[in-house]
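Residues per chain are reported as follows:
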Amino acid sequence: MEVNQLTAHELLDKLKNKQVVFKDIMEALYVRIQAVEPKVKAYARFKSENKLSLNPQTNGLLGGLPITIKDNICTEGLNTECCSKILGNFRPPYDATVINKLKTAGSSIFPLKANMDEFAFGSSTENSYFGSTHNPWNLECVPGGSSGGSAAAVASDEAIWALGSDTGGSIRQPASFCGVVGLKPTYGRVSRFGLIAFASSLDQIGPITKDVEDAAILTRIISGYDPNDSTSVNQDVPDYTNNLGKDIKGLKIGIPKEYFIDGMDVEVKRVIEEAINKLESLGVISSKVTLPHTQYAVPVYYIIATAEASSNLARFDGVQYGYRAKSDNLIEMYKKTRAEGFGEEAKRRIILGTFVLSHGYYDAYYLRALKVRTLIKNDFDTVFKDFDCMVTPTSPTPAFKIGERAADPLKMYLSDIYTISVNLAGIPAISIPCGFTKKGLPVGLQIMAKPFNEEMLFRLAYAFEQNTQWHKIKPRL
Amino acid sequence: MKYETVIGLEVHLQLKTKTKAFCGCAIDFGKIPNSGVCPVCLGFPGALPVYNKEALSSAIKVALAFSCQIQEYTKFDRKNYFYPDLPKNYQISQFDLPLSRNGYLDIFSENKAKRIGITRVHLEEDAGKLIHELNASLVDFNRAGVPLLEVVSEPDLNSPQEAFDYLTGLKNIIEYLDVSDCDMEKGSLRCDANISLRPEGAKELGVKAELKNMNSFKGVKDALVFEVSRQTELFEAGQTMVQETRLWDADKGLTISMRNKEGAKDYRYFPDPDLTVFIIDQPMVSQIKAQLPELPREKMRRFTQDYGLSEYDAKILVSSKKDAQFAEECIQRYPGKDKKNIVNWLIGPLLSEANFRKSNLHELTINRDELISLIGFVEDQSISLLSAKLVLTQMIDSQKPAVVIIKENNMLQISDTVELTQIITAVIQENEKSVSSFRAGKINALMFLVGQVMKKSAGKANPKVVGELIKRRLTDA
């Protein structure tokens, strides 16, 4: 096995035992990137002729282990463009809190940023100004999105591990499509400072990794209260690796009936049912539960998320940074900059968000959506009174073909039907590989838990992983 | 027909906190443009606002000073509009849940006391500053993010003079709280005025004009005076008013209509998802209440009660916090029983010195103890009141002790009867006419004779003693 194919915890052992050095890891990654990046396009600004250089950050626990960062997380002096023309060549003057934490822990920030849907608007990474990323399992398919670049890079061993961001499924759905592990932490668990906001009340940064143990390690590093983020919560961060390997016998698992609907891919259904059987064979007790407001999640999400996005994206006006269209008057400059700088999906969401906040519509849409959001959250609270976790598919389908849904935004929005409620409720959820379709596309199992109970997710996910081999299968590229 | 003028004022106060409202930048207006800034107040992608506790506490202080009800549950909202001095293209402000409501300010205007309602006091952030020069527009963000307090009055003001007195009273209180410089010329206090007329006795408000661009209290008054006559003329000509914003042109002394904007402004307010709800609990309110300094109204009451001052004198002294402090220090040092004596000095000769020097009472370079000793010389009749006033001037100019100045100028009064009798004898001989007038009962003649003695003694004679001596001489004889 090549060095770049190893997990982070395996590499940490080898670094400690001097079986590998930092340089070996970087070289193996470069060789791999040169070989497969032209096919996968996981990185935003990759050019094969450019030699990548990296100053290792070898002090600290992680011994310089490189990490790939999604293009919407600020890295000082490194391009951070949200894969949008409007942020053209923007280099932040500061690091996001998660980047600071990673550096302190001894992680090297990989110099190329991971591809994504522009401003995280999408479920396929097709909405990137830099072009689509391809699914390593089938290059004709999308890797999911919006953190498609991060997931594809990890799946194709172009990265050891990565950070993504999840507003409505943007970590879990691409993790599911690419056969890797992805976690959306509890809202407030990880600082958003330095994450270029899509929807502030829903966004969380989280890990995309090759296995559950890596996810547990990385989550611990990036979590914790940040005085620079009022919405981060001041609560101790446990060592999430402590509970790995703990027995799952007797855990009570809810299976929400609203998530097993007509129109769900039969292959996905089969794989998920097998996964649930597997969990039961390991001693969990599963029963059907109900989340009665599930059907409202998608409309509520697209009201709240676009409302916040329309305001969050107002700052991209050509005045201070990024792209500026030429014009001799201010209003024209604004208009041309934004018309030329934003892609179609960004414009669609800005217009939708502006509409739902407008005078006369606010109560009917935004205020109403906030109320229904509370009902959705209450659904989860009710179930979690009696259950330790809930288990669902991460996505109703496996990875779809590039271009297949691009013309139909509504169909695209339904890709996130199983992941959106988690963001609205603010709870944590993980997606882990749990099998493949007949055509060889990975399927992800989503596990949800109570707020700040990431430990439970890791414990259950780890038990499943240790008793299956899905996470060890690599795509052939 | 008679018209009633209805005015409401909207005052913005820049709080002089150490740091900005939502970031750690030190506030310093002397800095070169764009040097007192950080990613947060520049609205850089990914940066997040955090509450400044000092700003909130200053805001609560002001609200309490105006007897407002503090709202236990307050939140911040985004006011969305595009303008190049607004880095995020939204302003963090407060919309439907301001931190306080329903206060008042008592004013004394046109010889009557009146209570002016205060609708709300809320906290928001300031914008940057645009500078237009040489065909270019430049923006300085040093001011962006400085905490601004908005104090909105009820439409309870019925004349330009009342508006002026309201502003003076408001400034007085803020000065006591020491939370803002309240300098309209420097922009630390800004005031917009809403004004409408209605037929006397009418219940409904008329169509209002919003006046902007005034840069002094007098400017506010002048603009309102102009507007009253403009609107009266319109009424009398039977024309209908249009609701509009008008700019005050101080040079031309008139208001000019700003071009009508298409439709009403829609700021699309919504709760800022980056800031959590802020709870102002009772202990916090009590703690801030306990820190409130003595306010002008209370000080005035104390001055009248403790020092036996007339309301009129007390009002003059408390109209400036530092002057009141200066006055009180003098009053406390004054050994005499009747404090009125020292007060007469303060609001008499000292105030005229201050006015003459275009400064404030407390800025006069005079040692409080020296002032007391000067007054002592007058009271024990060592010098005349006239001389004392001259000494006072010199004391302020030279900062020499009173006794030194008196000696240098040979100003000690002659109260020695032997010396005075000689001068009086001469004067009586030289002014037979007046002597007989006095004997005929004309009291003015005595004054004339005393004046002659004063003249002969080069002002050093003690006029009281002289008067007594002359009287005794002429009636005895």
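As the structure is a computational prediction, the values presented were derived from the model and not from experiment. (Residues numbered from 1 in each chain as written. Chains lettered and ligands numbered in written order. Predicted model: local features only at pLDDT ≥ 70, side-chain atom pairs only at ≥ 80, totals over all residues.)

## Re the overall build of chain B
At step 1: A tally of regular secondary structure across chain B gives 15 helices and 16 strands.
At step 2: Taking 477 residues into account, the globule formula puts the C-alpha radius of gyration at 23 Å, and chain B, at 30 Å, lies well above it.
At step 3: Counting only C-alpha atoms, chain B reaches 95 × 55 × 50 Å along its principal axes.
At step 4: Looking at chain B as a whole, 39% of its 477 residues are labelled buried.
At step 5: Within chain B, counting contacts between residues at least 6 apart in sequence, those at least 24 apart form 69% of the total. (Helix = DSSP H or I, 4+ residues; strand = E, 2+ residues; numbered from the N terminus. Rg over C-alpha atoms; globule rule 2.2 N^0.38 Å. Buried ≥ 20, exposed ≤ 12 C-beta atoms within 10 Å, placed from the backbone. Contact = placed C-beta atoms within 7 Å.)

## Re the overall build of chain A
At step 1: Check the secondary structure of chain A and you find 14 helices and 10 strands.
At step 2: At 21 Å, chain A has a C-alpha radius of gyration in line with the 23 Å of a compact globule built from 477 residues.
At step 3: The dimensions of chain A, computed from C-alpha atoms along their principal axes, are 70 × 55 × 45 Å.
At step 4: Evaluated residue by residue, chain A yields a buried proportion of 60% over its 477 residues.
At step 5: Put simply, 76% of the contacts in chain A that link residues at least 6 apart link residues at least 24 apart.

## Concerning the nonpolar core
At step 1: Judged by nonpolar contacts, the single largest core of 213 residues is most densely connected at A:Cys389 and A:Ile447.
At step 2: The dominant element in this core, judged by the number of residues it contributes, is helix α8 (residues 297-312) of chain A, at 9 residues.
At step 3: If you look at the next biggest cluster of nonpolar residues, it comprises 33 residues, including B:Ile316, B:Phe377, B:Val391 and B:Leu392. (Core = buried A, V, L, I, M, F, W, Y, C linked by C-beta atoms within 7 Å.)

## So, the domain arrangement of chain B
All names here are of chain B.
At step 1: We note that the domain assignment places domain 1 (3-287), domain 2 (294-408) and domain 3 (417-476) within chain B.
At step 2: Computed over C-alpha atoms, the centres of domain 2 and domain 3 are 33 Å apart.
At step 3: Domain 2 puts 4 residues into the contact, and the matching count from domain 3 is 4 residues.
At step 4: Of the residues in the side of domain 2 that touches domain 3, the class split is 1 nonpolar, 3 polar and no charged. (Domains from an automatic or database assignment. Nonpolar A, V, L, I, M, F, W, Y, C, P; charged D, E, K, R; others polar.)

## Side note on the interface of chain B and chain A
At step 1: Tallying the contact residues gives 24 residues for chain B and 34 residues for chain A.
At step 2: Within the side of chain B that touches chain A, the residues separate by chemical class into 14 nonpolar, 5 polar and 5 charged.

## Here's the deal with the sheet that holds strand β10 (residues 147-153) of chain B
Residue and element names in this part refer to chain B.
At step 1: As summarised here, the arrangement of the 9 strands in space is β2-β6-β7-β10-β1-β11-β12-β13-β14, forming an open sheet in which the pairing is mixed. Each edge of the open sheet carries a strand with a single partner, namely β2 (69-70) and β14 (254-257).
At step 2: For strand β7 (residues 112-125) and β10, the ladder comprises 7 bridges, and the chain directions are antiparallel. Looking at the pairing, leucine 123 lines up with leucine 149 of β10.
At step 3: Strands β2, β6 (100-109), β7 and β10 of the sheet are contacted by helix α1 (residues 53-65), whose axis makes an angle of about 165° with β7. (Pairing = 2+ DSSP bridges. Axes fitted to C-alpha atoms, helices over the stretch in contact; angles between N-to-C directions.)

## So, the sheet that holds strand β5 (residues 90-93) of chain B
At step 1: Taken in spatial order, the 3 strands make up an open sheet running β5-β4-β15 (chain B), and their pairing is antiparallel. The sheet is open, and its two borders are formed by β5 and β15 (270-271) of chain B, each paired with just one other strand.

## Digging into unusual backbone geometry
At step 1: In this model, A:Gly145 is joined to A:Ser146 through a cis peptide bond whose omega is 10°.
At step 2: Locating A:Ser146 in the fold gives a position in the loop between β2 (108-114) and α4 (148-155).
At step 3: In this structure, A:Cys83 takes a positive phi of about 50° despite not being glycine.
At step 4: Residue position: A:Cys83 is located in the loop between β1 (66-70) and α3 (97-104).
At step 5: Since 30 C-beta atoms lie within 10 Å of it, A:Cys83 is described here as buried.
At step 6: In this structure, B:Arg268 is a non-glycine residue whose phi angle is positive, near 45°.
At step 7: Residue placement: B:Arg268 occurs in the loop between β14 and β15.

## Considering the packing of helix α9 (residues 368-379) of chain B against helix α10 (residues 385-398) of chain B
Residues and elements named next belong to chain B.
At step 1: Axis separation between α9 and α10 bottoms out at 9 Å; the angle between their running directions is 160°. When the axis of α9 is compared with that of α10, the two are roughly antiparallel. As for how α9 packs across α10, the hand of that crossing is right-handed. Only Leu385, Ala388, Val391, Leu392 and Met395 of α10 make contact with α9, whose side of the interface consists of Glu370, Leu374, Phe377 and Val378.
At step 2: Counted by class, the contact of α9 with α10 contains 8 nonpolar, no polar and 1 charged residues. (Parallel < 35°, antiparallel > 145°, perpendicular 65-115°, else oblique. Left-handed = near helix turned anticlockwise from the far one by under 90°.)

## Describing the confidence of the model for chain B
At step 1: The predicted model of chain B has a mean per-residue pLDDT of 90, with 98% of residues at 70 or higher.
At step 2: Scored as a whole, the predicted complex attains pTM 0.89, and scored at its interfaces, ipTM 0.95. (pLDDT = per-residue confidence, 0-100.)

## A few points about the environment of B:Lys16
At step 1: Relative to the assigned elements, B:Lys16 resides in the loop between β1 (3-14) and α1.
At step 2: Each C-alpha atom of the pair B:Lys16 and B:Gln161 lies 28 Å from the other, and the pair is 145 residues apart in sequence.

## Overview of the environment of A:Asp95
All names here are of chain A.
At step 1: Tracing the backbone shows aspartate 95 in the loop between β1 and α3.
At step 2: Along the chain, aspartate 95 and proline 451 lie 356 residues apart, while their C-alpha atoms are 27 Å from each other.
At step 3: Sequence-distant contacts of aspartate 95, that is, excluding residues within four places in its chain, are made with Cys74, Thr75, Glu76, Asn100 and Gly194.

## A look at the environment of B:Glu162
All names here are of chain B.
At step 1: Along the chain, the position of glutamate 162 falls in helix α2 (residues 160-177).
At step 2: Judged by the 22 C-beta atoms lying within 10 Å of it, glutamate 162 is buried.
At step 3: The spacing of glutamate 162 and isoleucine 70 is 92 residues in sequence and 26 Å in space, taken between C-alpha atoms.
At step 4: Beyond its immediate sequence surroundings of up to four residues, glutamate 162 is in contact with Ile107, Ser109, Lys114 and Leu157.

## Considering helix α14 (residues 454-466) of chain A
What sets the pattern is the α-helix's 3.6 residues per turn: residues three or four places apart point alike.
All names here are of chain A.
At step 1: An ideal rise of 1.5 Å per residue puts 18 Å on 13 residues; α14 measures up with 18 Å between its terminal C-alpha atoms.
At step 2: In terms of burial, α14 is a largely internal element, 12 of the 13 residues being buried.
At step 3: Every buried residue of α14 is accounted for by Glu454, Glu455, Met456, Leu457, Phe458, Arg459, Leu460, Ala461, Tyr462, Ala463, Phe464 and Glu465.
At step 4: Taken together, the buried residues of α14 touch β4 (181-184), α6 (212-222), α7 (266-281), β8 (389-393), β9 (429-436) and β10 (442-449). (Expected span 1.5 Å × (residues − 1).)

## Some points on the packing of helix α7 (residues 321-333) of chain B against α9(B)
All names here are of chain B.
At step 1: Where α7 contacts α9, the axes come no closer than 9 Å and their chain directions differ by 50°. Between α7 and α9, the crossing angle belongs to the class labelled oblique. Classified by chirality, the crossing of α9 by α7 is right-handed. Contacts between α7 and α9 pair Glu329, Cys330 and Arg333 from the former with Arg368, Asp369, Leu371 and Ile372 from the latter.
At step 2: Split into classes, the residues belonging to the contact of α7 with α9 amount to 3 nonpolar, no polar and 4 charged.

## A few points about the pairing of β1(A)
All names here are of chain A.
At step 1: Burial analysis of β1 places 5 of its 5 residues in the buried class, which makes it a mostly covered element.
At step 2: Burial along β1 is two-sided: the residues Pro66, Thr68 and Lys70 and Ile67 and Ile69 are all buried.
At step 3: Where β1 lies against β2, 4 bridges are found, and the strand directions are parallel. Following the sheet pairing, isoleucine 67 is matched in β2 by isoleucine 109.
At step 4: Handedness of the crossover joining β1 and β2 through α3: right-handed.
At step 5: Across 2 bridges, the pairing between β1 and strand β3 (residues 162-166) is parallel. Note that in β3 the partner of threonine 68 across the bridge is alanine 162. (Right-handed = clockwise from strand over helix to strand, strands pointing away.)

## Considerations on the pairing of β1(B)
At step 1: Note that β1(B) and strand β11 (residues 189-199) of chain B share 11 bridges and pair antiparallel. Note that in β11(B) the partner of B:Glu4 across the bridge is B:Arg198.

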